[in-house]
Amino acid sequence: MQAEIGISKKNSQATTKILNILLADEYILVTKTKNAHWNLEDVDFYHKHLLLEKQYVQLDTIIDSLAERLRAIGHYASASLKLFLEQTHLTEAKDNRNDSNGYLVDLLADHESIIIHCRENIETIGSSYKDYGTADFLTGLMEEHEKMAWFLRSHIIKKVQAKK
């Protein structure tokens, strides 16, 4: 049954496309986060293991919320690995040789990519597509990713450059 919520069919389809791309990004990111959680090696393994576990639980919740938002505006969530890989902005995990710093740098870049994608679409979804609920939803999602990115950034070992 079509959702009659004051958003034109054309506008809700445009919003749906953005949300399905974001859903694909989130799914790739949760997979990469679980990979890092399972496989990283580091002297500070335990704390990073717990950090990554907390983040993949958050990402699972985000994925569910995104799918539910899609349903709330009257559309279906793209829910296949094939579609996720076709729609995502992200790349699959790099070979980091289980180096925790490498994993964290890669995950941070993905969070920042999602933050930018959200930020670029909030105004369009609200003002152009008249879907202020989804614009607000994306704002909250962006803020969650900003916090997760901050936590990752705080754990990344910066290479000290030699003084000249």
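Up top you'll find the structure we're talking about.
Residues numbered from 1 in each chain as written. Predicted model: local features only at pLDDT ≥ 70, side-chain atom pairs only at ≥ 80, totals over all residues. Heavy atoms only, no water.

Caption draft 1: Seen up close, unusual backbone geometry. One non-glycine residue, Lys130, adopts positive backbone phi at about 55°. By secondary structure assignment, the location of Lys130 is in the loop between helix 4 (100-128) and helix 5 (132-155). Judged by relative accessible area, which is 46%, Lys130 ranks as partly exposed. (Helix = DSSP H or I, 4+ residues; strand = E, 2+ residues; numbered from the N terminus. Buried < 20%, exposed > 50% of the residue type's maximum accessible area, 1.4 Å probe, protein only.)

Caption draft 2: Focus on the side chain of Glu26. Position of Glu26 relative to the elements: it lies in helix 1 (residues 9-39). Comment: no salt bridge for buried Glu26; closest opposite-charge side chain is Lys32, at 12 Å. Apart from residues no more than four positions distant in its own chain, Glu26 is found in contact with Leu59, Ile62, Ile63, Leu66, Ile114, Leu141 and His145. (Lys, Arg positive; Asp, Glu negative; His and termini not counted. Salt bridge = Lys/Arg side-chain N within 4 Å of Asp/Glu carboxyl O. Contact = heavy atoms within 4.5 Å.)

Caption draft 3: A look at the packing of aromatic side chains. For the coordinates displayed, the defined rule picks out two aromatic pairs. An angle of 70° between the planes, with centres 4.9 Å apart, marks the rings of Trp150 and Phe151 as edge-to-face. (Phe/Tyr/Trp six-rings, centres within 6.5 Å; stacked < 30°, edge-to-face > 60°.)

Caption draft 4: Seen up close, the environment of Ile18. For Ile18, the location among the structural elements is in helix 1. Ile18 sits in the buried class, given a relative accessible area of 9%. Distance from Ile18 to Gly126, taken between C-alpha atoms, is 13 Å for residues 108 residues apart in sequence. The residues contacting Ile18, other than those within four sequence positions of it, are His117, Asn121, Ile125 and Tyr129.

Caption draft 5: Here's a closer look at the pattern of salt bridges. In total, this model carries eight salt bridges according to the counting rule given. We note a salt bridge from Lys32 to Asp106, for which the minimum N-O separation is 3.2 Å. Here Lys32, found in helix 1, pairs with Asp106, found in helix 4; they are 74 residues apart in sequence, far enough to count as distant. The residue Asp42 makes a salt bridge to Lys48 at a minimum N-O spacing of 3.4 Å. The exposure class of Asp42 is partly exposed, given its relative accessible area of 24%. Overall, the relative accessible area of 4% leaves Lys48 in the buried class. Look at the salt bridges and you will find they share partners, linking Lys32, Asp106 and Asp110 into a network.

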